[in-house]
Amino acid sequence: MSRPFPPPPFRIGDLVVDPPLLQAPMAGFTNAAFRQMVREYGGVGLIATEMVNARGFAWMDEHVAEHPERLWGVADEARPLAVQIWDNDPATMSKVGRRLVEEYQVSVVDINFGCPVRQVTEKAHSGSYLLRTPGRMFEIISRLVKACAPTPVTAKIRLGCSPETINCNEVARVVEEAGAAALTVHGRTAKDMFRGHADWDRISEIKSHLKQIPLIGNGDLDSAQKVVDAFKRYDVDGVMIARACLGRPWLFAQAAAALRGEPVPADPSLAQQRDCMLHHYELVKQRFGEEKGTVLMRKYACCYAQGKYGARHFRSHVANVSSADEFYRVVEEHFPMKSKEEMKAEMA
Ligand SMILES: Cc1cc2nc3c(=O)[nH]c(=O)nc-3n(C[C@H](O)[C@H](O)[C@H](O)COP(=O)(O)O)c2cc1C
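Residues numbered from 1 in each chain as written. Predicted model: local features only at pLDDT ≥ 70, side-chain atom pairs only at ≥ 80, totals over all residues.

Undergrad: Kindly report on the overall build of the protein, identifying the contributing residues and their values.
TA: Assigned secondary structure in the protein consists of 12 helices and 10 strands. A compact globule built from 348 residues would reach a C-alpha radius of gyration of about 20 Å, and the protein, at 20 Å, matches this within 12%. With the principal axes as the frame, the protein shows a C-alpha extent of 60 × 55 × 35 Å. Put simply, the protein has 348 residues, and 46% of those count as buried. Once local pairs closer than 6 in sequence are excluded, the contacts in the protein between residues at least 24 apart make up 68%. (Helix = DSSP H or I, 4+ residues; strand = E, 2+ residues; numbered from the N terminus. Rg over C-alpha atoms; globule rule 2.2 N^0.38 Å. Buried ≥ 20, exposed ≤ 12 C-beta atoms within 10 Å, placed from the backbone. Contact = placed C-beta atoms within 7 Å.)

Undergrad: Lay out the pairing of strand 7 (residues 153-158) in plain terms, naming residues and giving numbers.
TA: Among the 6 residues that make up strand 7, 6 are buried, leaving the element largely enclosed by the rest of the structure. Burial along strand 7 is two-sided: the face carrying Val153, Ala155 and Ile157 and the face carrying Thr154, Lys156 and Arg158 are both buried. With 5 bridges connecting them, strand 6 (residues 108-113) and strand 7 associate as parallel partners. Bridge pairing links asparagine 112 to lysine 156 in strand 7. A crossover connection joins strand 6 to the parallel strand 7 through helix 4 (residues 134-148); in handedness this β-α-β unit is right-handed. (Pairing = 2+ DSSP bridges. Right-handed = clockwise from strand over helix to strand, strands pointing away.)

Undergrad: Explain the site of the ligand to me, using residue names and the numbers behind them.
TA: The immediate surroundings of the ligand are formed by 22 residues, with Ala24, Ala27, Met51, Ala242 and Arg243 found nearest. Along the lines of polarity and charge, the residues of the shell around the ligand split into 11 nonpolar, 7 polar and 4 charged. (Near = placed C-beta within 6 Å. Nonpolar A, V, L, I, M, F, W, Y, C, P; charged D, E, K, R; others polar.)

Undergrad: Before we move on, could you go through the sheet that holds strand 6 and cite the residues and values that matter?
TA: In a beta sheet, neighbouring strands are held together by backbone hydrogen bonds and run either parallel or antiparallel to one another. Pairing in this closed barrel of 8 strands is parallel, and the strands run 3-4-5-6-7-8-9-10 around the ring. Sheet twist, expressed as the mean angle between neighbouring strand axes with direction ignored, is 25°. Those strands touched by helix 2 (residues 54-63) are strand 4 (46-53) and strand 5 (81-86), and its axis lies near 70° from that of strand 4. Helix 4 contacts strand 6 and strand 7 of the sheet and is inclined by roughly 170° relative to strand 6. (Axes fitted to C-alpha atoms, helices over the stretch in contact; angles between N-to-C directions.)

Undergrad: Run through the domain arrangement of the protein, naming residues and quoting values.
TA: Size of an interface, as often reported, equals the accessible area lost when the parts are brought together. Domain annotation for the protein reports domain 1 (10-259) and domain 2 (270-347). The C-alpha centroid of domain 2 is placed 29 Å from the C-alpha centroid of domain 1. Across the boundary between the two partners, domain 1 contributes 6 residues, which contact 7 residues of domain 2. Residue classes in the side of domain 1 that touches domain 2 are distributed as 4 nonpolar, 2 polar and no charged. (Domains from an automatic or database assignment.)

Undergrad: So, helix 4: which residues are in play, and what are the values?
TA: With 15 residues, helix 4 extends 21 Å from end C-alpha to end C-alpha; this agrees with the ideal 21 Å at 1.5 Å per step. Among the residues of helix 4, those classed as buried are Met137, Ile140, Ile141, Arg143, Leu144, Val145, Ala147 and Cys148. (Expected span 1.5 Å × (residues − 1).)

Undergrad: Could you give an account of unusual backbone geometry, naming the residues involved and the relevant values?
TA: Across the junction of phenylalanine 5 and proline 6, the peptide omega takes the value 0°, indicating a cis bond. If you trace the backbone, proline 6 turns up in the segment before strand 1 (10-12). The omega torsion across alanine 149 and proline 150 is 5°, close enough to zero to call that bond cis. Mapped onto the elements of the fold, proline 150 is located in the loop between helix 4 and strand 7. The backbone of histidine 125 shows a phi angle near 45°, a positive value even though the residue is not glycine.

Undergrad: An account of the packing of helix 9 (residues 270-305) against helix 10 (residues 311-318) is requested, with residue identities and associated values reported.
TA: Their axes nearest at 9 Å, the elements helix 9 and helix 10 cross at an angle of 170°. In terms of axis orientation, helix 9 runs roughly antiparallel to helix 10. Each of Arg298, Ala301, Cys302 and Ala305 in helix 9 lies in contact with helix 10, whose residues at this interface are Ala311, Phe314, Arg315 and Val318. Looking at the contact of helix 9 with helix 10 residue by residue, the classes come out as 6 nonpolar, no polar and 2 charged. (Parallel < 35°, antiparallel > 145°, perpendicular 65-115°, else oblique.)

Undergrad: Just give me the short version of the UniProt feature "active site" (unreviewed entry) in the protein, but keep the residues and values in it.
TA: In the numbering used here, UniProt assigns the "active site" (unreviewed entry) feature to Cys115. Tracing the backbone shows cysteine 115 in the loop between strand 6 and helix 4. The residues contacting cysteine 115, other than those within four sequence positions of it, are Met51, Trp86, Val120, Gly127 and Ser128. (UniProt positions renumbered as here; feature names shortened; annotations may be inferred.)

Undergrad: Would you mind going over the nonpolar core in detail, with residue names and values included?
TA: The biggest cluster of nonpolar side chains holds 103 residues, and the ones touching the most others in it are Leu183 and Val227. Counting residues per element, this core draws most heavily on helix 9, which supplies 10 residues. Summarising the domain contributions, this core has at least three residues from each of domain 1 (10-259) and domain 2 (270-347). Once residues lying within four places of it in the same chain are set aside, the contact partners of valine 227 are Leu21, Leu221, Val239, Ala255, Ala258 and Leu259. (Core = buried A, V, L, I, M, F, W, Y, C linked by C-beta atoms within 7 Å.)

Undergrad: Explain the environment of glycine 114 to me, and be specific about the residues and the numbers.
TA: One can find glycine 114 in the loop between strand 6 and helix 4. A C-alpha to C-alpha distance of 26 Å links glycine 114 and glutamate 102, two positions 12 residues apart in sequence. Contact partners of glycine 114, with chain neighbours within four places excluded, come to Gly127, Ser128, Lys156, Ile157, Arg158 and His186.

Undergrad: Report on helix 8 (residues 251-259), specifying residues and quantitative values.
TA: Burial of helix 8 is extensive: 8 of the 9 residues sit out of reach of the surface. By the burial criterion, the buried members of helix 8 are Leu251, Phe252, Ala253, Gln254, Ala255, Ala256, Ala258 and Leu259. Following helix 8 by one or two positions, glycine 261 has its phi on the positive side, about 80°.

If you want it as structure tokens, here you go:
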């Protein structure tokens, strides 16, 4: 079927997602500092936190004063903001959902039904493990929808647990019947982890199994052109980007321009990218202090260098930094300042 292009904004409950581009939840990465970076560049319709364990939240609530570290920034930052939770107990999840709505006034509560990591699946029977029991998913979603109303509840799934047990069409119907306001699908199975390619034909097919809630496609989008192609080729209302935005928080602004039919802004210069990384470091340091912040920044710094000439060399140095002085020195001396194309041209 042919879809309108540019793709119109879509709704998650009363929330208008404009542009229809979403920043994915990524554990260990999409904390408040990263989200601020994404917001500063713009072009994103909805931003998500890392996944937060509902049981852990409930336990902390009962035993200590602090809430999970992963909720850092959530109470105060700009909206719209989706907070993702994971667990398998409907009562705990609805309790935590209610808290997120009442106390934190989040825009969306998203449920993780896609995480393939053993700690979450085999040990906690949560994340993608729940795809094998759609009845349980129904119970979780419907309880949460009631507890969070009128704040919308959404679900994020994979195609199934394994290539042999793909059940995303059935699961999509269950998600909608249970009252979720949107469905996001990463086009791989849990068993695939990140191998192979996301199957966008399968994602697209799900649309015909949904009556009215929006479908958000996810997997392998790493350029403005791929975002445009996804909307042109596949039956989705929105798209979500994860890994590709980690060292490129400006990717959404580029994709949004492409969707408006405008020229895609060039990547920032390497000097600007380095400054962007240093700004990100300041945010991380402000929150976590110099020691913890510097260690945490190592992985982000690697993302900023990725794909550039000399990235491996930079990585090997930045992987060991543990103070601000060391970080600044390594950046000064080793952050890649020439693109692969420039190096090739020089060597030609
Ligand atoms: C480091 C990392 C952490 C992730 N954490 C989460 C998470 O907390 N919740 C979730 O639903 N998906 C998580 N994902 C999956 C992504 O949201 C996304 O579905 C997947 O990476 C595919 O999209 P991409 O090809 O754009 O990266 C994570 C992925 C990565 C690489």
